[in-house]
There are 2 protein chains.
Amino acid sequence: MADGAKNRAAGSVLARVPKSTFRVHIADGLRAAILNGDIQPGAQVIETALAEQFGVSRGPLREAMRQLIDEGLLVAVPYTGTHVVDLSVDDVREIYSMRVTLEVFAFEHIWERRDEAFRRGLVARHDALTACIDAQDDAASIVAELQLHGFVYEATGHKLLIRTWDSIRGRLQLYWAAHHRAHGIRGPRRDGHDRYVEMALSDDFDALKAEITDHMARGGRQTEEFLRGREGPGAG
Amino acid sequence: MADGAKNRAAGSVLARVPKSTFRVHIADGLRAAILNGDIQPGAQVIETALAEQFGVSRGPLREAMRQLIDEGLLVAVPYTGTHVVDLSVDDVREIYSMRVTLEVFAFEHIWERRDEAFRRGLVARHDALTACIDAQDDAASIVAELQLHGFVYEATGHKLLIRTWDSIRGRLQLYWAAHHRAHGIRGPRRDGHDRYVEMALSDDFDALKAEITDHMARGGRQTEEFLRGREGPGAG
DNA sequence: CAATAATCGATTGTTGACAATCTGCGCTCC
DNA sequence: GGAGCGCAGATTGTCAACAATCGATTATTG
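Cut-off values and rules
Residues numbered from 1 in each chain as written. Chains lettered and ligands numbered in written order. Predicted model: local features only at pLDDT ≥ 70, side-chain atom pairs only at ≥ 80, totals over all residues. Heavy atoms only, no water. Core = buried A, V, L, I, M, F, W, Y, C linked by side-chain atoms within 4.5 Å. Buried < 20%, exposed > 50% of the residue type's maximum accessible area, 1.4 Å probe, protein only. Contact = heavy atoms within 4.5 Å. Pairing = 2+ DSSP bridges. Helix = DSSP H or I, 4+ residues; strand = E, 2+ residues; numbered from the N terminus. Axes fitted to C-alpha atoms, helices over the stretch in contact; angles between N-to-C directions. Parallel < 35°, antiparallel > 145°, perpendicular 65-115°, else oblique. Left-handed = near helix turned anticlockwise from the far one by under 90°. Near = heavy atom within 4 Å. Polar contact = N/O pair within 3.5 Å; in protein donor to acceptor, adjacent residues only side chain to side chain. Nonpolar A, V, L, I, M, F, W, Y, C, P; charged D, E, K, R; others polar. Salt bridge = Lys/Arg side-chain N within 4 Å of Asp/Glu carboxyl O. 1 Å grid on protein atoms, 1.4 Å probe; cavity = no way out; pocket = protein on both sides within 12 Å on 5 of 7 lines; lining within 4 Å. Points joined across faces, edges and corners; volume = space filled by probe spheres on them. Least-squares fit on C-alpha atoms with pLDDT ≥ 70 in both. Expected span 1.5 Å × (residues − 1). Bend = angle between axes of the 7 residues up to and from the residue. Phe/Tyr/Trp six-rings, centres within 6.5 Å; stacked < 30°, edge-to-face > 60°. Lys NZ or Arg CZ within 6 Å of the ring centre and 35° of its normal.

What am I meant to see in the nonpolar core here?
Buried together is how nonpolar side chains tend to be arranged in soluble globular proteins. Grouped together as the largest cluster of nonpolar side chains are 118 residues, with contacts concentrated most on L74 and F107 of chain A together with L74 and F107 of chain B. Excluding its chain neighbours within four sequence positions, the residues that come into contact with L74 of chain B are L30, I34, V45, M65, L68, I69, T82, H83, V84 and V85 of chain B.

Next up, the structure:
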């Protein structure tokens, strides 16, 4: 999306933000509410109720909901209702298998262009994640881990890849948040990312590839253990 | 103009699919108009004009346009206007590079499960494509080629992968259609797909991988030759 | 004549009301 | 007492009017 075309509002952070439209603001708020667990997976989302809560009419709210449907966070049935997606075991397995492919693809793109800025950026985000884990701040660690991986995608400059990652990230975050609420501790273990970053900065691409595959496999195993009990909510 | 909603209640019984809503119908029609070239890349798309043309109000039309924006066919600037995307050289290069990754991933998934139904389906679609090429029906060959590749994605049963392919397919078709209108002959050469299908049914995965990479590289070269002259429309 | 401010047309963003459809519940009828 | 029918409530789909914003054109001023 071309949002940086004209950037003249450099310093004016006044009450009025003319470029902003209700749709994006509401989409952000609703997305946050879902990912935060205020609206739990499977729960129904009613337009009229939300519209009143947000203080807008149904028009912009509908468009925001459409966007979240496209992001895979909501699912709607015409004339009937809209619900927060409840991911099944297969859904999460798909997410993790896709992540292996996308992330290896990302590193293929930047492998020869891993300059000092990239290395520093990656280490900085790894340090931030480690700090969150050590502080046992699960909510923050979710965001930190997404930012670590997101940094890799951004570094490629591959707009289509970044767009694809965006479409997956929401669902991944939805699952992590649910996992966190159910288990208390989520689970990005420190040593796992230590190895990941080490390989990402090494000169052995095959080793990194193996590490990514293993990294996702571990995440996938956690997933299945977690979701087994609830047995096929059948989202999508 | 406003009688669209009232006409549907009359007469015909069986033909009506109750689940259908204006949004999807309009999205289909508008998408077809864009991919068909009735609305050319770079052209502005005005809500009020289209709404009248489709015989609906701006509400459903807006939602259909939002969907096409998400599919990457339109790009909108708040309060200003919406235009058909005009792909740049980099955009198309990204599409082709992404296709290599996704399609290899797809074959990884189905490699051990290529049963007789898959083989027959693939050959059937290849025959259909070949027929279109021999008949020099470029428009049909575009659809046929998309169906050939789409069949592979569908065979995986990987919903997330299929969804990702869907998000790319529209832009790919947009480019192919523009290429076709400009060059007359588009370019899915027969021998290229012969090799592709042969490898897809073989037992040599690495050979298929190489063929896919080469297949896309050829498409990419055509692209650059075609788009070079127009120099950076800078869509996105 | 050049630079800046005011204005106007065009387009999208937003709203509240109305219509169509689905789902669940009670009712009749056998 | 069970099966089918019809009604009512709830929810989404659709519409036409109104408001906000942008881009360009024109008027103004030094």
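Looking at this model, I keep getting lost on the pairing of strand β2 (residues 74–77) of chain B. Mind explaining?
All names here are of chain B. Judged from the four bridges that link them, β2 and strand β3 (residues 81–84) form a sheet pairing that is antiparallel. Of the residues in β3, the one forming a bridge with A76 is T82. Between the end of β2 and the start of β3, which pair antiparallel, lie three residues, with Y79 showing a positive phi angle near 65°.

Looking at this structure, I do not really get the packing of helix α4 (residues 89–110) of chain A against helix α5 (residues 89–110) of chain B. What am I missing?
Geometry of a packed helix pair, given as the angle between the helix axes and the separation of the axes. The interhelical angle for the contact between α4 of chain A and α5 of chain B, taken along N-to-C directions, is 140°, at an axis separation of 11 Å. On the basis of the axis angle, α4 of chain A is oblique to α5 of chain B. As for how α4 of chain A packs across α5 of chain B, the hand of that crossing is right-handed. Across the interface between the two elements, S97, M98, T101, L102, F105 and H109 of chain A of α4 of chain A pack against S97, M98, T101, L102, F105 and H109 of chain B of α5 of chain B.

Sorry if this is basic, but what is going on with the protein's contact with DNA strand C here?
Around DNA strand C, a shell composed of 22 residues is seen, among which F22 and S57 of chain A together with E47, R58 and R62 of chain B lie nearest. One of the backbone N or O atoms of S57 of chain A is found 2.9 Å from a phosphate oxygen in DNA strand C. T80 of chain A is positioned with one of its side-chain polar atoms (N or O) 3.2 Å from a sugar or linking oxygen of DNA strand C. Residue composition of the surface near DNA strand C, by class: nine nonpolar, seven polar and six charged.

Sorry if this is basic, but what is going on with the interface of chain B and chain A here?
In many reports, interface size means the accessible area that the parts give up when they come together. Contacts between chain B and chain A engage 32 residues on the former and 34 residues on the latter. For the pair chain B and chain A, the interface holds four salt bridges. With a closest N to O distance of 2.7 Å, E63 of chain B and R62 of chain A form a salt bridge. Inspection of the region where chain B meets chain A yields 16 residue pairs in polar contact (both at pLDDT 80 or more). Counting only elements with at least two residues in the side of chain B that touches chain A, the list comes to α4 (58–70), α5 and α8 (159–183) of chain B. Looking at the side of chain B that touches chain A, the element that brings in the most residues is α5 of chain B, giving nine residues. Its residues assigned to classes, the side of chain B that touches chain A comprises 10 nonpolar, eight polar and 14 charged.

Explain the sheet that holds β2 of chain B to me, please; I cannot follow it from the model alone.
The pairing of strands in a sheet comes from backbone hydrogen bonds and takes either a parallel or an antiparallel form. Residues and elements named next belong to chain B. One open sheet holds the three strands; their spatial order is β1-β3-β2, and the pairing between them is antiparallel. Lying at the two open borders of the sheet, with one neighbouring strand each, are β1 (44–45) and β2. Inspection of the sheet shows β1 paired to β3 by two bridges, in the antiparallel sense. Bridge pairing in β3 links Q44 to H83.

Explanation requested: the layout of surface pockets in the structure shown.
Empty space among the atoms becomes apparent when a probe as large as a water molecule is rolled across them. The calculated volume of the second largest pocket comes to roughly 420 Å³. Lining the second largest pocket are 17 residues, with V104 and E108 of chain A together with T101, V104 and K209 of chain B sitting closest to its centre. Elements with a contribution of two residues or more to the lining of the second largest pocket: α4 and α9 (205–228) of chain A together with α5 and α10 (205–228) of chain B. A total of seven residues in the lining of the second largest pocket trace back to one element, the largest contributor, which is α5 of chain B. Residues of the lining of the second largest pocket, tallied by class, amount to six nonpolar, seven polar and four charged.

Quick question: what am I supposed to make of unusual backbone geometry here?
Residues and elements named next belong to chain A. With a phi close to 65°, Y79 is a non-glycine residue in the positive phi region. Checked against the element boundaries, Y79 lands in the loop between β2 (74–77) and β3 (81–84). Y79 sits in the exposed class, given a relative accessible area of 74%.

What is the right way to read the relation of the copies chain B and chain A from this model?
The relation between the two chain copies is a rotation about an axis coupled with a shift along that axis. Between chain B and chain A, the superposition needs a rotation of 180° and an axial shift of 0.0 Å, giving an RMSD of 0.1 Å. Each copy turns onto its partner about a two-fold axis. Both copies contact each other with a shared surface, as 94% of the interface residues of chain B are interface residues in chain A too.

Is there a simple way to explain the packing of helix α2 (residues 22–36) of chain B against α4 of chain B in this structure?
All names here are of chain B. Where α2 meets α4, the closest approach of the two axes is 8 Å, and the angle between their N-to-C directions is 55°. On the basis of their axis angle, the class for α2 and α4 is oblique. Handedness of the crossing formed by α2 with α4: right-handed. Touching F22, R23, I26, A27, L30, R31 and I34 of α2 are P60, L61, E63, A64, M65, Q67 and L68, all from α4. Partitioning the contact of α2 with α4 into residue classes produces 10 nonpolar, one polar and three charged.

Honestly, helix α7 (residues 159–183) of chain A in this entry has me stumped. Any pointers?
Structural remark: α-helix, 3.6 residues per turn; residues separated by three or four positions point the same way. All names here are of chain A. With 25 residues, α7 extends 35 Å from end C-alpha to end C-alpha; this agrees with the ideal 36 Å at 1.5 Å per step. Most pronounced at I168, the bend in α7 amounts to some 25°. Just past α7, the residue G184 takes up positive phi, approximately 80°.

Which parts of the structure should I look at to understand the packing of aromatic side chains?
Aromatic ring pairs: the centre-centre distance and the angle between the two ring planes describe each pair. Applying the stated criterion across every chain, the model contains eight aromatic pairs over all chains. A ring pair is formed by W111 of chain A and F205 of chain A, whose centres lie 5.1 Å apart and whose planes are at 85°; its orientation type is edge-to-face. Here the residue W111 of chain A occupies a position in the loop between α4 and α5 (116–134), and F205 of chain A occupies one in helix α9, the gap between them amounting to 94 residues. Look at F118 of chain B and F151 of chain B: their rings are 5.6 Å apart centre to centre, the planes differ by 15°, and that puts the pair in the stacked class. Of this pair, F118 of chain B sits in helix α6 (residues 116–134) while F151 of chain B sits in helix α7 (residues 138–156); the two residues are 33 residues apart in sequence, bridging distant segments of the chain. Over the face of the ring belonging to W111 of chain B we find R114 of chain B, whose NZ or CZ atom lies 3.5 Å from the ring centre.

Distances and angles like these do not, on their own, reveal function.
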